[in-house]
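The residues making up each chain are set out below.
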Amino acid sequence: MADSSFDIVSKVDRQEVDNAVNQAAKEISQRYDFKNVGASVTLSGDAVTMTANSEERVKAVLDVLQTKLIRRGVSLKALDLGDGEPKASGKEYKLVGSLKEGLSQENAKKITKLVRDQGPKGVKTQITGDEVRVTSKSRDELQQVIALLKGAEDIDAALQFVNYR
């Protein structure tokens, strides 16, 4: 019998992110507590920019955006905010977050080490580019690996499991 396998990837659904940003922008334009504070959220390429006239308002805009992302099924690990503190830019404050796609070498190595140390013995991992292939003779072992990775907190990436064969 042939080996079963799946790939671990980190991808972001651009359409869902775009929809979440548009919903957040609409809510911000309609909410009373955001009136006359210059609050806005925009998406351009891989960067999400949040602006307002005070640090607290920028953080409130971020909270609205995060709520919309969660509702749309986008992991918050896909949004990299740096230190997460708004920067003063003239009379307003800005917070720029970038969308992360693909597994970094560092995260791929963490995943392979975790599977090797805590996963079932018959499981093999292989890093190919920005994804990790996991193979095993038993599909049950692959299910155990998926459960193990879903419970891991130290991996700083939104993981998806694709090509399950």
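Coordinates for the structure precede this section.
In this report, the structure presented in the accompanying data block is examined. Fair warning: this is a prediction, and the values are worked out from it, not measured in the lab. Numbers given to residues run from 1 along each chain, matching the order in which its sequence is written. Since the coordinates come from a predicted model, pLDDT governs what is reported: local features require at least 70, and pairs of side-chain atoms require 80 or more to be given and counted, while whole-chain, interface and lining totals use all residues. Side-chain measures here rest on the full set of heavy atoms in the structure, leaving out hydrogens and waters.

The subject of this paragraph is the nonpolar core. Grouping buried Ala, Val, Leu, Ile, Met, Phe, Trp, Tyr and Cys residues that are joined through side-chain atoms within 4.5 Å yields what is termed a nonpolar core. For every residue, the accessible area obtained with a 1.4 Å probe (protein chains only) is divided by the maximum for its type, and the residue is called buried under 20%, exposed over 50%, and partly exposed between those limits. By size, the foremost hydrophobic cluster in this structure holds 26 residues, and its most contacted members are Val41, Met50 and Leu65. Working definition: helices are DSSP H or I runs of at least four residues, strands are E runs of at least two. Numbering for both runs from the N terminus. Within the residue set of this core, elements represented by two or more residues are α1 (14-30), β3 (47-52), α2 (55-71) and β6 (92-99). Broken down by element, the residue count for this core peaks at 6 residues, all from α2. Counting residues in each nonpolar core, the second largest holds 18 residues, with Ile8, Leu103, Leu149 and Ile155 among its members.

With respect to the helices and strands, Gly122 occurs in the loop between α3 (105-118) and β7 (124-128). On a C-alpha basis, the gap between Gly122 and Lys137 in space is 7.3 Å, while along the polypeptide they are 15 residues apart. Whether two residues touch is decided by their heavy atoms; if any such pair falls within 4.5 Å, the residues are in contact. Those residues in contact with Gly122 that sit more than four places away from it in its chain are Thr135, Ser136 and Glu141.

Let us look at the sheet that holds strand β9 (residues 160-162). Sheet strands pair by backbone hydrogen bonding; their relative direction is either parallel or antiparallel. We call two strands paired when DSSP finds no fewer than two bridges between them. Reading across from one edge, β7-β8-β1-β9 is the order of the 4 strands in this open sheet, with antiparallel pairing throughout. Of all the strands in the sheet, the pair left with one neighbour each is β7 and β9. Here the strands of the sheet are splayed against their neighbours by 25 degrees on average, with no regard to which way each runs. Bridge count for β7 against strand β8 (residues 131-136) is 5 bridges, and the pairing is antiparallel. Each bridged residue has a counterpart across the sheet, and for Lys124 the counterpart in β8 is Thr135. Every axis in this analysis is a line fitted to C-alpha atoms, fitted for helices over the stretch in contact. Angles between the N-to-C directions lie between 0 and 180 degrees.

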